[in-house]
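Coordinate inspection notes
Residues per chain, in single letters:
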Amino acid sequence: MEFRDVIRARHSVRAFTDQPVSNDQLQALLEAATTAPSWSNTQPYQIAIARGGVLESLREELPPRFDKLAALQKAPMLKKALAWLRKDGIPDGDFRPVVNYPEDLQPRRVATGHGLYQLLDIGRQDKQARHEQMRDNFRFFNAPVALFVFIHEGLGIYSALDAGIFLQNFMLAATDAGLGTCAQGALGLWRSPLEQHFHLPNQYKLLCGVSLGYEADTRVNQFRPERQPLSELLIKEK
Ligand SMILES: Cc1cc2nc3c(=O)[nH]c(=O)nc-3n(C[C@H](O)[C@H](O)[C@H](O)COP(=O)(O)O)c2cc1C
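Each value, and the rule that gives it
- Residues numbered from 1 in each chain as written.
- Predicted model: local features only at pLDDT ≥ 70, side-chain atom pairs only at ≥ 80, totals over all residues.
- Heavy atoms only, no water.
- UniProt positions renumbered as here; feature names shortened; annotations may be inferred.
- Helix = DSSP H or I, 4+ residues; strand = E, 2+ residues; numbered from the N terminus.
- Near = heavy atom within 4 Å.
- Polar contact = N/O pair within 3.5 Å; in protein donor to acceptor, adjacent residues only side chain to side chain.
- Areas by Shrake-Rupley, 256 points an atom, 1.4 Å probe, with all protein chains shown as cover.
- Nonpolar A, V, L, I, M, F, W, Y, C, P; charged D, E, K, R; others polar.
- Pairing = 2+ DSSP bridges.
- Axes fitted to C-alpha atoms, helices over the stretch in contact; angles between N-to-C directions.
- Contact = heavy atoms within 4.5 Å.

Within an unreviewed UniProt entry, the label attached to the protein reads Nitrobenzoate reductase, and the organism entered is Alcanivorax jadensis T9.

Cross-referencing UniProt, the feature "transmembrane region" (unreviewed entry) maps to residues 140-161 in the present numbering. Within residues 140-161, the helical portion is 23% and the strand portion 36%, while the C-alpha atoms at the span's ends are 24 Å from each other.

With that out of the way, let us pick up the site of the ligand. In the neighbourhood of the ligand, 14 residues make up the surrounding shell, with S12, R14, N137, G185 and R227 lying closest. Within the backbone of A183, one N or O atom sits 3.1 Å away from a nitrogen atom of the ligand. A186 is positioned such that a nitrogen or oxygen atom in its backbone is 3.0 Å from an oxygen atom of the ligand. Here the ligand, which alone exposes 620 Å², has 65% of that area covered by the protein. It is strand β3 (residues 180-184) that contributes the most residues to the shell around the ligand, 3 residues altogether. Along the lines of polarity and charge, the residues of the shell around the ligand split into 5 nonpolar, 6 polar and 3 charged.

Below, the discussion takes up the sheet that holds β3. With antiparallel pairing, 4 strands are arranged side by side in an open sheet as β1-β2-β4-β3. Strand pairing shows two members of the sheet lacking a second neighbour, β1 (45-51) and β3, which therefore form its edges. The sheet shows a mean angle of 25° between the axes of neighbouring strands, direction not considered. Contacting β1 and β2 (145-152), helix α3 (residues 52-74) runs over the sheet at an angle of about 85° to β1.

Printed below as a string of structure tokens:
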């Protein structure tokens, strides 16, 4: 594909077919991603790859955690406090999840969410359908591969910047190869299930995940959220 076509074609895929991704394909995408620039060429990230049995056990383990968390959000204070004490259903990721969005960004987030639910014919009051859609994150949207991105704590925010460039390289390479991806902050909510399957170095902190596979021909994958006009992103001269 032409480079411009690749960057235009990439979009978040939220439904994958059962078609597997071969080791060679995955290797090629990762090799492409490692050409990304990074702070002093430190490449301050590590990737855990979940597929096969590991991915299946995560697909079983994560959705019930999300169900518990969603139920807790509606629970009375006392129940919430007890859950915190017992660490039951509470995220144990390395970074605090964003709960309250900044006032100027919240409308963009809301518009994107509404756009997705509208496309899926999910009404504002249909809490169950919204929950199911969000829950699908934790099933990796049926993808045959999921990557978990960890960043070195020693470089602070710059590690996240570098991981972002790596991720975009990876996602563009996947698009070019006819594969689909979805970057998922949701997959950063729980670290402990990953500890069971991977040797996670302490100094590497879980940033997010990304699902990879072949795009299913379904409505959810037609979603193309609008971008802000460029002028909104430019800082005005004094
Ligand atoms: C760091 C990051 C985290 C994201 N987390 C999620 C997520 O948890 N679940 C999800 O469905 N989409 C997630 N997305 C996808 C965004 O919603 C998507 O990129 C945005 O709406 C623009 O749409 P597009 O990727 O189709 O162009 C994430 C994207 C990024 C870059």
